[in-house]
Every structure is written in C-alpha cells, then in structure tokens.
Amino acid sequence: MSYAFDWSSIPRAWPFLADGMAVTAVLLAVGMTLGIAFGTVLAVVRIYAPRPIALLAAGYVNFFRSVPLILTIFWVFFLVPPLLRTVTANPYLSASPIWSALAAFVLAEAAYYCEIVRAGIGSVGPGQMRATQALGLSRIQALRYVIVPQALRNMAPSLANQTVSLLKDTPLVYVVSLTDFLGAAAAIGNRDGRIVELYVFAAVVYLALCSLGTWLADLLQARSRRRMAAQ
Amino acid sequence: MIVLDNVRKWYGTTPVLNGCSARIAAGETTVICGPSGSGKSTLLRCINALESIQQGSISVDGVEVTAPKTDLCALRARVGMVFQSFELFPHLSVIENLALAQIKVLRRARTAARDRALALLDRVGLAAHAEKYPLQLSGGQQQRVAIARALAMDPRYMLFDEPTSALDPEMVGEVLAVMRQLAMDGMTMVIVTHEMEFARQVAHRMIFMDQGQITADCGKQAFFDPAQQSERIRAFLGGMAQRRITP
Amino acid sequence: MNYDWSWRFLFGPSLTGEGSYVVMLMHGFGWTILISLTAWLIALAFGIALGVARTLPRGVLRRFATLYVHLFRNTPLLVQLFLWYFVLPEWLPKAWGDTLKSMNLVLNQVLTVLLCLSLYTAAKVAEHVRAGIASLPAGQYRAAQALGFGVIASYRHVVLPQAFRIALPPLTSELMNVFKNSAVAMTIGLMELTGTSRQVSEFSGHPFEAFAFATLGYMLIALVAARVMRVIEARSRISGATQT
C-alpha cells in the first residue's frame, strides 16, 4: 500500500461533520417513529379492514416495496413543491430538500414496517382474538390491550433490524444534495483532497452504529427465544 | 334462557350444523357430547357469536344473537366462555387478565375490578398467584384462572369448550372440581366435554351430537340408561369407557 | 397544478443526441437488468459458500465468513460503493490504480458496481442460507453422517437441498432488492434506469413522465421476478410437506 494517510482534516471539520450527523439522526428518528406508526396502521388495515380497503393498502405496500428508494426520493422531491404551491396558492413557495427526504423515507419505510407488524400480529394465535371477543372487548380494545402488545414483543427484533436498514438507507439523500453525515464527509474530503480518509472514517462510523443496532436486535431475538422456550 | 332454532351452518359447501334446535333453561347444567367433528364446539361458539350462522336463529334471554343491531360486546359480557387452550393473555399478570375486561367493557373502577378479581382467584384457590404471569402456572392452574376471568364479568351463562382436553391427566381433577362447585352454586352452564364420569355427576341435561345434528336431547338418567340408549350412543359411550381404561 | 402532462415528448429527439428519450430510457432499463442479474448470480454462488461456511464447526473459514457477513451487512451500500470507486484505486499499488483510472469510464463504472453489488448481496444471501440450514432438524445431518456421507456429501445431498427450499421466499425478496439496490449505480454516473429517468427529467422538463416510466419498469421487474420465483417454489415443493 503506497498511500500516506493524513487524518488531520477530521478533527478540524468536526462541527461540520456533527451537523451532517444531526441530519442523519433526524432522518433516522422521524423515519422510524412515523414509519412504524403509519406502518402499523397499514398492517391493521391489511388484516382487519373490508376487502377493497385492505387491497388498497396491499397495493400501497407492494408499490413502495418494488420501487428503489432513490426513485421514491425523486418522486417526492419533484412532486412536493408544486403540490405545496397549489395547496397554499403561493407560487414562490419552495420546500427544503429535508422535507422531501423525510416524506420519502416515511412513505417508503412504512411499507416495510407494515409487513413486519403484519407478521407480528399473525404470530399471535387466533384463539387470543376469540378470547377477547368472548370477554366482550371491542376490536379496537382487543388490538390495543391484547394483540398489539404481544405482537410488538414478537416483532421487536425485526423492527430493530429494519431500523438498521433504514440507517443504511439514509445516505441515499445524497441524490437530492442533502448533506447528511456521508455528504458532510464527502464534502470535507473533496475540499481537503482527503477523500480516502474521510470515506474510511464515515464507513467506520456507520459500521459502529449499525453494529450497535444489530447487536440490539440479536439481544431481543435471544430474549424472545428464551420466552418461547419458557412456554 | 338460550334458544337455538333450526341452526344451520356451512364451511364452503360442507355442512357443519344441520338444523340444530334446543332450549337451555336458567340454572341448568347441559353437557354436549359426541364424536369429534360432530359440530359440538362450533355450536357452542355460535351461541356467543364467535362464529356466524347461515340459517336459523339463536337468542339469549330473548336477544337475537344474529340480529345485525345486537350489541355483541354486551351480549358476550353476559355469556362467559372458557377455551380448550385457556387463551389467557400471556403479556398480562393473572390479576390483570381478570381485571382487563371488567375495566374496559363493564367500566368498573380499577380498585373494584381488582377486588372482584382477588375474590374470584380465592374461590378457584389461586389467590397466592395473582401477580404471576400465566406461563409461570401449570395447565390446570391456567384453566382455573381462565374460569375466574370469565366469572369476573358476572355472566348469566358459562360456556365451556372442552376445558380439560389440553390438560395432563393429573390436572383434570382440579378444573372439574371448580366446575362442579359452580354447578352446585346454580350457574347456568353449557359444557362440551368427553369427561363422561363428570357429566354423570353434574349434568341435568345431555345433548348428543352426530354429523352436525342433535340426535339426542334428554335428562341424564335417560341418557346413561342402557335400556333407553340408541345404538349410536351406546357405541360412543363404550368407546369413551375403553379410552379411559387403556393408558 | 399546471403541469403539462404528455407522453409524446418521449419519442422526440433527446438533447444528448442519443436518439429519442424512450431509447435512452430503454438503455437504462437494459443496464439495470444486466448489472442486477450478473451481480445476483455472483452473489448467489459466493453467498451460498459463505452461508455454508458459517454453519461449519469453529475454524478459520467460519470466522472469516462471520466477519465478512458482519462487515458487509453493517455498512450502507452507498458507502461501500464510494469505497470501491474512490478509495480502492488510491490503495492499490500505483500501477494498478492508474490502470483503473485510465480504463474506459463506463467499463470502470460497470465493474465497480458489479463488484460492490455482488459482495453486498452475497452477505445477505449467506444469512438466508445459514438460517435455512439452522432451521433444519439436527437429526438430518446426523442421519446423513450415519449413512456414511462425508461432510461435503452430507451438505450436497441432504442439508442444502432442504435448506434451499426453506430459504427460497427470503431469497425471492433478496432478488428484488438487487434490482432496487442497483439504482445506487447512478451516484457514480452509471446511467441505469433511475439515473436515466433523472437525466431525462432534467433535459425534457417532463419529470413525472420520466419517473413514471422508471417506476413501471421496476414494477414490471418485481412482477416477473415474483412469478419466476413462484414457479421455482412450486416445482421444488416436497410432496407431502405442509405448505407454510
């Protein structure tokens, strides 16, 4: 290896990198919370709603699962500003790319979370629903107090894994020139002519964060396996 | 009173209930028996509308179960049900299992619900286990909790769907003892079971089902009297007795 | 919204002089299919080897496979692509790096994307294969050994044929992921379907039609892939086994 490393750019660029990391964190946090919330709604609709509405939800999920996230980001990026201008009747309004990116992540991730929640609800036996009905609980009450709490425990490992996938997808906002952590690292690398160091540094940071998430998922998995063994 | 009138049900094109009619009066203990696949459990589930029927009618205390306007939640709160596989909620403690529907359906205060739950747990001999989780209990204990959970709603009727079939033999007795006590207290019960000895002791009425039809509906003396039995029932009871002897 | 929706522009001559826009888009579609399928085949072969290695008794192979899968599953695909494209030439001996840099640009991009996508997907395939093997009852492997099969023969004739059938559904969604993941190629300038649609949207001023074209392309791919995998699943179903 003939390359001479020089890592000094990284500490000097720290504030800029931290700003990038903040964007990554916002994408992750919003994508996860709203994605899980919307995904849960989709899953409940897919399982319990009347057939035409359930099929609509299924169509939504299959659509977003077959299209690359980058393409979804483009769609939202080009669709949102004119839509906003029409709705607000303000021809000069423009939306910052962060809003488009957030919307794209929530829309797409909800489809993935939906499938996990659906499997989780499916993992709670049909007898449990029957038991709630026999006690006179309404369907909403049954979901809220009996089915979803159990489903959540069963699907916790998958949710953690999906959230790691979400983190791995966040750098894709590069395509709409939104400066997340990878974008910040690339910018510093190009400015200082230290691309190699900055990309390696970014890779190590992502590796550490994702490993943490994977480790958590494995922990949850082991715990749920122990609970199964206790049954 | 529960009134079944010419109840018919199909799964696809396969008939499962083939015109069942019966009346179950308050204070009676009725045992439904018959070979497996005869439609006993299905009939039981139709009584609290866990399964729909395609023809005929079912009413509980004059309320039409199948009418679209019927408040099913209110009806089901009045008809308690105990399942073969217990169906306790594994993520809730024993006392929370008993309190949940009292609070959410009957709108009882939390403390009142807990008091009622503790009293019932005491009655089934499990007061000491109130804070445990269902999966920490034995099968027999779980089924007694399930009975207490149904009783917590102060039901007028109790439906039992093969309550001892999933239990190890040494635990059957403790569950039957609780049910026997209930019968003596005058609870109206409809029980699907293969425990013929238990039926002989506590039943007032016996209903025998075969291929989706009620082929016998009589007092227990008549049912267990060899002179009055049909060939089919004699064969069934003979098979049951056989099963009891062979390990 | 005052948007002039029109499909007709697709057939007009493109600003790049490469014929009409529709020809450009079809080229992009072709690249997507070519790089995805090639990467899939490489990933399948390498991933199976890795997956098997992860189930072997402790040893160098198993440790390597475990480390590999961990590294490639826990870094973003885009970061991996940038490492291969921007960092690798700097790290290689100078002569090699210069060869890469002076190579035909498109060839360089295609090779980089293939390398990146295959290695990334291989880690995913390995996980599915490993999980498939792990879900088999241990008795199957022991029975094969009791019949006198060696390790390789046991895997080849007993373990893998069953593990594959279990792993087929997750492998199906992995195949679709390859097509979707291939869109990252546009970030280093390879004009596959998503990249082309972006380009067409800029040149023509008709972004929605361009993206709609690309979207339909991906949906068509997903549909065909699902159909093909379903046929394979049906053909390989074990008679008498319960469907899951």
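1. Quick word on the overall build of chain B
Of the regular secondary structure elements, chain B holds nine helices and 10 strands. Whereas a compact globule of 247 residues would reach a radius of gyration of roughly 18 Å, chain B reaches 18 Å, a difference of no more than 12%. Per element, the accessible surface of chain B, about 10700 Å² overall, is 50% carbon and sulfur. Taken together, the 27 basic and 24 acidic charged side chains of chain B have centroids lying 3 Å from each other.

2. A few points about the overall build of chain C
Within chain C, the regular secondary structure consists of nine helices and zero strands. Here the C-alpha coordinates of chain C stretch approximately 70 × 50 × 30 Å along the principal axes. Within chain C, the proportion of its 244 residues that are buried is 48%. Surface exposure of chain C reaches about 12300 Å², of which carbon and sulfur atoms provide 67%.

3. Regarding the interface of chain A and chain C
Contacts between the two partners involve 36 residues from chain A, matched on the other side by 37 residues from chain C. Contact between chain A and chain C buries roughly 3400 Å² in total, counting both sides, with carbon and sulfur atoms accounting for 78%. If you look at where chain A meets chain C, you find seven residue pairs in polar contact (both at pLDDT 80 or more). Looking at the side of chain A that touches chain C, the elements that each hand over two or more residues are helix 3 (51-66), helix 4 (69-88), helix 7 (139-169) and helix 9 (195-230) of chain A. Broken down by element, the side of chain A that touches chain C gets its largest block of residues, 10 residues, from helix 9 of chain A. For the side of chain A that touches chain C, a count of residues per class yields 29 nonpolar, five polar and two charged.

4. Digging into the sheet that holds strand 6 (residues 79-82) of chain B
Residue and element names in this part refer to chain B. The strand order across the open sheet formed by six strands is 6-7-8-3-9-10, and the pairing between neighbours is mixed. Taken across any chain shown, the strands that pair with only one partner, and hence form the sheet edges, are strand 6 and strand 10 (213-219). When strand polarity is set aside, the average angle formed by the axes of neighbouring strands in this sheet is 15 degrees. Sheet topology note: the strand 3 (residues 29-33)/strand 9 (residues 205-210) ladder contains four bridges and is parallel. The residue bridging Thr 30 from the neighbouring strand is Arg 205, located in strand 9. Along the sheet, helix 1 (residues 40-47) contacts strand 3, strand 6, strand 7 (157-161), strand 8 (188-192), strand 9 and strand 10; its crossing angle with strand 7, the most-contacted strand, is approximately 150 degrees.

5. Quick word on the confidence of the model for chain B
Mean pLDDT over chain B works out to 89, with 98% of the residues at or above the 70 mark. By mean pLDDT, the top-scoring element of chain B is strand 8 of chain B (95), and the lowest-scoring one is helix 9 (residues 231-245) of chain B (78).

6. Considerations on the side chain of Ser 66 of chain A
Considering the arrangement of structural elements, one finds Ser 66 of chain A in helix 3. We classify Ser 66 of chain A as buried; its relative accessible area is 11%. A polar contact is formed between the side chain of Ser 66 of chain A and the backbone oxygen of Asn 62 of chain A, at a distance of 3.0 Å. Sequence-distant contacts of Ser 66 of chain A, that is, excluding residues within four places in its chain, are made with Lys 180, Tyr 218, Met 219 and Ala 222 of chain C.

7. A word on the nonpolar core
Among the nonpolar cores identified, the biggest contains 164 residues, and Leu 17, Ile 70, Ile 73 and Leu 182 of chain A, Leu 4 and Val 60 of chain B together with Ile 133 of chain C are the most heavily contacted of them. Per element, the largest residue contribution to this core is 13 residues, and it comes from helix 5 (residues 97-122) of chain A. Setting aside chain neighbours within four positions, we find Ile 73 of chain A in contact with Ala 104, Phe 105, Leu 172, Val 173, Val 175 and Val 176 of chain A. Counting residues in each nonpolar core, the second largest holds 50 residues, with Ala 152, Val 175, Met 189 and Ala 199 of chain B among its members.

8. Things to note about the sheet that holds strand 5 (residues 63-64) of chain B
Residue and element names in this part refer to chain B. Read from one edge of the open sheet, four strands run 2-1-4-5, paired in antiparallel fashion. Every other strand in the sheet has two partners, leaving strand 2 (14-24) and strand 5 as the edge strands with one partner each. Summarising the sheet, strand 1 (residues 2-11) and strand 2 pair through eight bridges and their orientation is antiparallel. Residue pairing for strand 2: Val 3 is matched across the bridge by Arg 23.

9. With respect to the arrangement of the chains
Sorting the two pairs of chains in contact by contact count puts chains A and C at the top. Regarding chain B and chain C, which are not in contact, the minimum distance between any of their C-alpha atoms is 21 Å.

10. Topic: the interface of chain A and chain B
The parts lose accessible area when they come together, and the size of an interface is often stated as this lost area. Contact residues are listed per partner, giving 19 residues for chain A and 22 residues for chain B. With both sides pooled, the region where chain A packs onto chain B buries about 1900 Å², and carbon together with sulfur makes up 65% of that total. Three residues, Arg 130, Ala 134 and Leu 135 of chain A, lead the burial of chain A against chain B; their summed loss comes to 32% of the area buried on that side. If you look at where chain A meets chain B, you find zero salt bridges. The tally of links from chain A across to chain B stands at five residue pairs in polar contact (both at pLDDT 80 or more). Going through the elements one at a time, helix 6 (126-134) and helix 7 of chain A are the ones with two or more residues in the side of chain A that touches chain B. At seven residues, the largest contribution of residues to the side of chain A that touches chain B is made by helix 6 of chain A. Taken together, the residues of the side of chain A that touches chain B break down into eight nonpolar, nine polar and two charged.

11. What about the packing of aromatic side chains?
Taken as a whole and assessed by the stated rule, the structure comprises 21 aromatic pairs over all chains. Here Tyr 199 of chain A and Phe 82 of chain C contribute two aromatic rings whose centre-to-centre distance is 5.3 Å and whose plane-to-plane angle is 45 degrees, an arrangement assigned as tilted. Pair noted here: Tyr 199 of chain A is in helix 9 and Phe 82 of chain C is in helix 3 (residues 77-91), and the two residues belong to different chains. Exposure remark for Tyr 199 of chain A: the relative accessible area of 5% places this residue in the buried category.

12. Overview of the packing of helix 1 (residues 21-55) of chain C against helix 7 (residues 151-181) of chain C
Residue and element names in this part refer to chain C. It is the contact of helix 1 with helix 7, at a shortest axis distance of 11 Å, that shows an interaxial angle of 140 degrees. Relative to helix 7, helix 1 is oriented so that their crossing is right-handed. For the pair formed by helix 1 and helix 7, the contact residues are Thr 32, Ile 33, Ser 36, Leu 37, Trp 40, Ile 48, Val 52 and Thr 55 on the first element and Tyr 155, Leu 160, Phe 164, Leu 171, Glu 174, Leu 175, Val 178 and Phe 179 on the second. Its residues assigned to classes, the contact of helix 1 with helix 7 shows 12 nonpolar, three polar and one charged.

13. Here we look at the state of the cysteines
All names here are of chain B. In total, this model carries zero disulfides over all chains according to the counting rule given. You can see Cys 20 has no disulfide; the closest cysteine sulfur is in Cys 46, sitting 8.8 Å from it. The class of Cys 46 is buried, set by a relative accessible area of 2%.

14. Concerning the environment of Leu 216 of chain A
With respect to the helices, strands and loops of the structure, Leu 216 of chain A is situated in helix 9. On a C-alpha basis, the gap between Leu 216 of chain A and Ala 108 of chain A in space is 23 Å, while along the polypeptide they are 108 residues apart.

Parameters and conventions
Residues numbered from 1 in each chain as written. Chains lettered and ligands numbered in written order. Predicted model: local features only at pLDDT ≥ 70, side-chain atom pairs only at ≥ 80, totals over all residues. Heavy atoms only, no water. Helix = DSSP H or I, 4+ residues; strand = E, 2+ residues; numbered from the N terminus. Rg over C-alpha atoms; globule rule 2.2 N^0.38 Å. Areas by Shrake-Rupley, 256 points an atom, 1.4 Å probe, with all protein chains shown as cover. Lys, Arg positive; Asp, Glu negative; His and termini not counted. Charge placed at Lys NZ, Arg CZ, Asp CG, Glu CD. Buried < 20%, exposed > 50% of the residue type's maximum accessible area, 1.4 Å probe, protein only. Contact = heavy atoms within 4.5 Å. Buried area = accessible area lost by both parts, 1.4 Å probe. Polar contact = N/O pair within 3.5 Å; in protein donor to acceptor, adjacent residues only side chain to side chain. Nonpolar A, V, L, I, M, F, W, Y, C, P; charged D, E, K, R; others polar. Pairing = 2+ DSSP bridges. Axes fitted to C-alpha atoms, helices over the stretch in contact; angles between N-to-C directions. pLDDT = per-residue confidence, 0-100. Core = buried A, V, L, I, M, F, W, Y, C linked by side-chain atoms within 4.5 Å. Salt bridge = Lys/Arg side-chain N within 4 Å of Asp/Glu carboxyl O. Phe/Tyr/Trp six-rings, centres within 6.5 Å; stacked < 30°, edge-to-face > 60°. Left-handed = near helix turned anticlockwise from the far one by under 90°. Disulfide = S-S within 2.5 Å.

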